[in-house]
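Secondary and tertiary structure notes
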Amino acid sequence: MPVIEVSPSEIPVGKALWEYIKAKDLKQIVAARVDDQIVDVHTPIKATPKSVQLLQPDDKDALMVLRHSTAHVMAEAVKKLFPKAQVTIGPATDSGFYYDYDYEPGFSPEDLEKIEAMMRTIAQTRAPFRRFTMSRDEMKKMFADMGEHFKVEIVDGIPANDELSYYKQGEFVDLCRGPHLPHTGYMKGLKLTHTAGAYWRGDEKNKMLRRIYGVVFFSEAELKKHLEQQEEAKKRDHRKLGKELELFGFHPWAPASPFFMPKGALVYNQLIEYMRGVYEQRGYQEVITPQIFDAELFKRSGHYDNYRDNMYFASTHASTETDEQDAREFSSKPMNCPGHCLLYGMHKHSYRALPYRMADFGRLHRYERSGVTAGLTRVRTFCQDDAHIFCTMGQMQSEMLAFIDLVGEVYPAFGISEWEVKLATRPEKSIGSDEAWTLAEKSLHDALNQRAIKYEVLKGEGAFYGPKIEFHIKDAIGRSWQLGTLQVDFALPERFDLTYVDSDNTEKRPLMLHRAIFGSLERFFGVYLEHTGGNFPGFLAPEQVRVIPVSGDQNPYAQEVLEILLNQGIRAGLDISNEKLGAKIRDAQLMKVPYAGVVGKKEVSERRLAIRKRGGEDLGALPLEEAVAFLVKESAAPKLGTPKGV
RNA sequence: GCUGGCGUAGCUCAGCUGGUAGAGCAACGGUUUUGUAAACCGUAGGUCGCGGGUUCAAGUCCCGCCGCCAGCUCCA
């Protein structure tokens with residue numbers, strides 16, 4: 001029961017809800033929702049409301065109030081222990097809270113322990129949070145007198161007509177809109193987790209502040225559960241699994257650039273093969289294009305002006321020597337689109353041949369700043385399931401819908417049932433006309449609305465050449481990653497003067513859609529590895545079946561079974577090591593092989609195969625033919641539904 | 001790039017306030033012929049990320065660089 005409904009008529013106007021709560025002896029009330037606004041229980045009710053709900057700890061908004069209030073208490077503790085620290089901002093987040101301080105030596109792990117202890121002491125005082133309002137000038141003077149110049153700056157940034165309020169608990173005063181807890185005693189499961197640098201107002205030109213992150217819950221038990229979940233998430237970390245399952249690795253001489261070992265390469269190639277199957281079904285044509293281009297290409301495409309910071313420039317020995325005629329500037333491609341424009345332009349196109357869906361698994365290189373790379377999710381070399389659709393204006397909408405539908409089929413085929421859709425609009429640095437941008441953005445809105453897909457608008461976060469739809473899924477630790485994308489581009493066809501001959505025998509300009517479903521294969525690999533915890537479905541597992549003889553006597557039969565499986569196209573392995581059955585089973589289990597095929601005396605004499613599923617389920621000793629047929633079925637790739645009107 | 005933390009054998013990790021490296025697993029050799037998550041014995045394996053410095057002596061202290069991790073900023 002997260003909320004208690006209260007009849008508005010029972011609420012005394014001009015008085016605080018807290019009095020009502022005390023009078024009724026209600027326990028565990030965190031805050032209230034009055035006419036859909038979250039308010040704290042100490043602030044007097046101004047007029048008779050339409051509805052009043054009292055929030056209890058299991059309400060989602062109640063948790064946000066707790067986190068925010070805890071941030072204030074942390075600031076109070078920090079000010080007590082480190083009076084020189086200046087407070088700045090401290091909000092609640094999706095997972096906890098943080099507070100940014102301007103404090104020069106910074107905070108050590110030991111400091112965090114002291115701060116946490118101080119916060120517990122403050123919690124025990126059950127100090128109430130009180131809200132006060134003040135005029136702008138008074139507020140500025142108060143914080144100026146306190147020496148909190150960041151707060152003064154924040155006051156200056158608040159719109160002129162907004163009411164200014166501050167909250168006080170104990171001796172600590174903080175500019176804040178609220179709402180807050182009734183008192184500090186509600187913070188039970190508390191832990192300060194880590195520190196980090198953070199720029200003032202998120203701008204790297206500004207001063208770097210010291211941020212302290214923490215988590216808090218209404219009970220110790222919830223904190224314990226949360227910490228256990230974090231441990232679980234760590235086990236699923238794709239970097240750890242990648243190492244354990246011998247899938248990929250890194251070397252300092254190729255920072256942020258993965259090496260896929262044989263098993264990892266197998267999975268990687270299976271993903272590509274799967275996508276090739278999709279392409280065949282959906283009318284895409286695969287091409288192969290160069291890796292390194294004269295920088296002229298990127299000057300033409302706009303990448304040289306807009307994307308140069310992310311590009312690698314290649315110089316040959318000759319170009320760095322004296323021969324000036326050979327001193328052309330070359331660059332490794334960061335995207336496939338410019339090359340695809342060159343390819344498109346190599347011959348004339350009829351309207352009859354459009355849409356031209358040009359797919360490319362070309363390797364891309366993008367320079368990423370050292371601090372942003374991470375495992376497979378953010379690398380400097382990768383390949384995308386990239387395709388560019390050259391089509392007419394009239395085909396744009398149906399191509400968008402076909403793509404959105406395709407995404408809706410592919411993700412579930414991989415067991416991904418939830419994703420978020422975002423629409424990113426024109427950024428400050430961009431190419432193309434206003435009209436083109438407006439039309440492109442409208443088309444994307446329309447396509448999503450037509451499929452009744454909910455989406456968030458990311459203002460100014462589109463690519464420099466066009467707006468885009470992004471498909472995001474979450475990894476094991478709750479971080480959200482963009483995988484698929486659909487982008488409209490009027491600019492590149494213009495820049496490369498691409499044309500097609502229309503039915504009226506005039507040359508017209510095609511438009512271009514950039515699209516990917518997995519996004520980068522590397523990122524998808526990483527996210528999917530975490531999603532499955534390394535338990536790949538049969539068709540992706542590097543080793544699909546491991547044949548295990550109970551003792552050496554069964555080796556010949558095991559060998560025979562292995563060959564039958566291999567002939568059926570199954571990626572099978574054989575374990576004839578000098579180990580006991582239990583150890584061999586364990587090895588197969590640890591490598592997350594989907595099926596173990598055990599053969600002992602009985603199986604040999606009856607020509608059977610005992611199948612053990614990954615995880616331990618025993619499927620019994622099946623006649624060999626039956627077992628093979630079953631394993632073949634289990635190792636097959638998922639099939640997509642029939643495309644709608646391609 | 002910025003802030004903080006970390007970097008010891010293929011992997012996971014010991015190594016207190018400085019006194020010239022250790023375990024388990026894996027690998028290799030042997031014994032064992034095994035019925036669904038670890039048989040036993042033995043062998044080998046380390047420029048302690050790299051480069052300087054302090055010291056009689058540095059894995060341990062200091063500086064620089066490289067890489068990794070958590071964030072900030074940026075993004076597939």
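Model, not experiment: these values are computed from the prediction.

Our next topic: the overall build of chain A. A count of helical and extended segments in chain A gives 20 helices and 33 strands. Counting across all 646 residues of chain A, residues that qualify as buried make up 50%. Pairs at least 24 apart in sequence give 71% of the contacts found in chain A among residues at least 6 apart. Only carbon and sulfur atoms are counted for the fraction: they give 51% of the accessible area of chain A, which is about 31700 Å². On chain A, the mean spot of the 85 positive side-chain charges and the mean spot of the 91 negative ones are 3 Å from each other.

This next bit is on the side chain of Arg 282. Within the secondary structure, Arg 282 is located in the loop between helix 8 (262-281) and strand 14 (284-286). We classify Arg 282 as buried; its relative accessible area is 7%. Here the side chain of Arg 282 touches Glu 409 through a polar contact of 3.3 Å, side chain to side chain.

Right, let's talk about the pairing of strand 33 (residues 618-623) for a bit. Bridge count between strand 32 (residues 608-613) and strand 33: four bridges; the pairing is antiparallel. Bridged to Arg 612 within strand 33 is Asp 618. The antiparallel hairpin formed by strand 32 and strand 33 contains four residues in its connecting segment, where Gly 615 sits at a positive phi of about 110 degrees.

The strand order across the open sheet formed by three strands is 15-17-16, and the pairing between neighbours is antiparallel. Two strands close off the open sheet at either side, each with one partner strand: strand 15 (292-294) and strand 16 (312-314). Taken pair by pair, the neighbouring strands of this sheet meet at an average axis angle of 40 degrees, ignoring direction. In this structure, strand 16 lies alongside strand 17 (residues 330-332), joined through three bridges in antiparallel fashion. The partner of Ala 314 across the bridge, within strand 17, is Phe 330.

With that settled, consider the sheet that holds strand 25 (residues 480-489). Spatially, 14-18-21-28-25-24-22-23 is the arrangement adopted by the eight strands of the open sheet, whose pairing is mixed. The outermost strands of the open sheet, each flanked by one partner alone, are strand 14 and strand 23 (456-458). Mean inter-strand twist for the sheet, computed between neighbouring axes without regard to direction, equals 25 degrees. Taken together, the five bridges between strand 18 (residues 356-360) and strand 21 (residues 386-391) define a ladder with antiparallel strand orientation. Opposite Asp 360, over in strand 21, you have Asp 386 as the bridge partner. The sheet contacts of helix 12 (residues 337-344) involve strand 18, strand 21 and strand 28 (511-516), and relative to strand 18 the element is tilted by about 130 degrees. The sheet contacts of helix 14 (residues 434-450) involve strand 22 (420-424), strand 23, strand 24 (468-474) and strand 25, and relative to strand 22 the element is tilted by about 160 degrees.

Our next topic: the packing of helix 8 against helix 16 (residues 521-532). Where helix 8 contacts helix 16, the axes come no closer than 11 Å and their chain directions differ by 110 degrees. Taken together, the axes of helix 8 and helix 16 are roughly perpendicular relative to one another. The handedness of the crossing between helix 8 and helix 16 is right-handed. Where helix 8 abuts helix 16, its residues Gly 264, Val 267, Tyr 268, Leu 271 and Ile 272 lie against Leu 521, Glu 522, Phe 524 and Phe 525. Classifying every residue of the contact of helix 8 with helix 16 by side-chain character gives seven nonpolar, one polar and one charged.

Enumeration over the complete set of coordinates arrives at 42 salt bridges. Residue Asp 111 pairs with Lys 114 through a salt bridge whose shortest N-O separation is 4.0 Å. With Asp 111 and Lys 114 both in helix 3 (residues 109-124), this residue pair falls three residues apart, about one helical turn. A relative accessible area of 11% places Asp 111 in the buried class. For Asp 497, the salt bridge is made with Arg 509, and the minimal N-O distance between the two is 2.8 Å. Here Arg 509 lies in the loop between strand 27 (507-508) and strand 28 and Asp 497 lies in the loop between helix 15 (491-495) and strand 26 (500-501), a separation of 12 residues in the sequence.

How each quantity is defined
Residues numbered from 1 in each chain as written. Chains lettered and ligands numbered in written order. Predicted model: local features only at pLDDT ≥ 70, side-chain atom pairs only at ≥ 80, totals over all residues. Heavy atoms only, no water. Helix = DSSP H or I, 4+ residues; strand = E, 2+ residues; numbered from the N terminus. Buried < 20%, exposed > 50% of the residue type's maximum accessible area, 1.4 Å probe, protein only. Contact = heavy atoms within 4.5 Å. Areas by Shrake-Rupley, 256 points an atom, 1.4 Å probe, with all protein chains shown as cover. Lys, Arg positive; Asp, Glu negative; His and termini not counted. Charge placed at Lys NZ, Arg CZ, Asp CG, Glu CD. Polar contact = N/O pair within 3.5 Å; in protein donor to acceptor, adjacent residues only side chain to side chain. Pairing = 2+ DSSP bridges. Axes fitted to C-alpha atoms, helices over the stretch in contact; angles between N-to-C directions. Parallel < 35°, antiparallel > 145°, perpendicular 65-115°, else oblique. Left-handed = near helix turned anticlockwise from the far one by under 90°. Nonpolar A, V, L, I, M, F, W, Y, C, P; charged D, E, K, R; others polar. Salt bridge = Lys/Arg side-chain N within 4 Å of Asp/Glu carboxyl O.

What is shown is where atoms sit, not what they do.
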